[in-house]
Amino acid sequence: TLCLYLLVAPSHALLMPTRIAVVGAGPLVGLHHCNAVKHLTSTGVELACICDLPEHAAATAAQLGVPCYSDAEDMARKERLDGVVIATPTHLHLPVFEKCIIGAQARRTEF
């Protein structure tokens, strides 16, 4: 199952690609989520970046050709994201999503 959390209302969907990040992009389940998002490119969806533990993020990001982060709040503050797929263990979904919201709110006030 792919669980997508929207950070903003997709009102600009016709003008720009919908930018999605994957948090928890490790070599098992997370990589499959990244590939699922990348397969949606023809529908106007773009894999914007990934976020994972440093030992996983760099190799996966290089393989996918996207930027990588090790902190979800930092990622959401620096990237223009429309949504995030959280591919972490279920008990971590809420804390990760809260960090993404805090980062996205900070981005709106910084830019």
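What this report covers is the structure whose coordinates are included nearby. By convention here, each chain's residues receive numbers from 1 onward along its written sequence. Where local features are concerned, this predicted model is filtered to residues with pLDDT of at least 70; where side-chain atom pairs are given and counted, the filter is 80 or more; whole-chain, interface and lining totals use all residues. Derived side-chain values reflect all non-hydrogen atoms in the structure, with water molecules and hydrogen atoms excluded from consideration.

1. With respect to the layout of surface pockets
A probe matching the size of a water molecule, rolled over the atoms, marks out where space remains unfilled. Selection criterion: Definitions used for this entry: grid spacing 1 Å over protein atoms alone; cavity, a set of points where a 1.4 Å probe fits but cannot get out; pocket, an open set with protein on both sides within 12 Å along at least 5 of 7 lines; lining residue, one with an atom within 4 Å of a point. Grid points are joined across faces, edges and corners, and a volume is the space filled by probe spheres set on the points. We count a stretch as a helix when DSSP gives it H or I for four or more residues in a row; a strand needs E for two or more, and each element gets its number in order from the N terminus.
The calculated volume of the largest pocket comes to roughly 300 Å³. Lining the largest pocket we find 19 residues, and of these G24, D52, L53, T88 and P89 sit closest to its centre. At the level of secondary structure, the elements contributing two or more residues to the lining of the largest pocket comprise α1 (29-38) and α4 (93-110).

2. Some words on the pairing of strand β2 (residues 18-23)
Applied cut-off: Partly exposed describes any residue whose relative accessible area lies between the buried limit of under 20% and the exposed limit of over 50%, with all areas from a 1.4 Å probe on protein chains only and scaled to the type maximum. The crossover handedness rule: strands pointing away from the viewer, path from first strand over the helix to second strand clockwise, crossover right-handed. Strands were regarded as paired on the criterion that DSSP finds at least two bridges between them.
Counted residue by residue, β2 has 6 buried out of 6 residues, so it is predominantly covered. The β-α-β motif built from β2, the intervening α1 and the parallel element strand β3 (residues 45-51) has right-handed crossover chirality. Across 4 bridges, the pairing between β2 and strand β5 (residues 83-86) is parallel. If you follow I20 over to β5, its bridge partner there is G83.

3. Remarks on the nonpolar core
Our working definition: Put simply, a nonpolar core is a bunch of buried Ala, Val, Leu, Ile, Met, Phe, Trp, Tyr and Cys residues held in one set by side-chain atoms that sit within 4.5 Å of each other. The criterion used for residue contact is that any of the two residues' heavy atoms lie within 4.5 Å.
Ranked by internal contacts, the top residues of the largest apolar core, which has 15 residues, are V23, C49, M75, V84 and C100. For this core, the secondary-structure elements that each account for two or more residues are β2, β3, α3 (72-78), β5 and α4. Other than its neighbours up to four places away in sequence, V23 contacts C51, M75, V84, V85, I86, A87, T88, V96 and C100. Counting 14 residues, the second largest nonpolar core, distinct from the first, contains A25, V45, L47 and I50.

Honestly, that's just the spatial picture; any functional story needs more than this.
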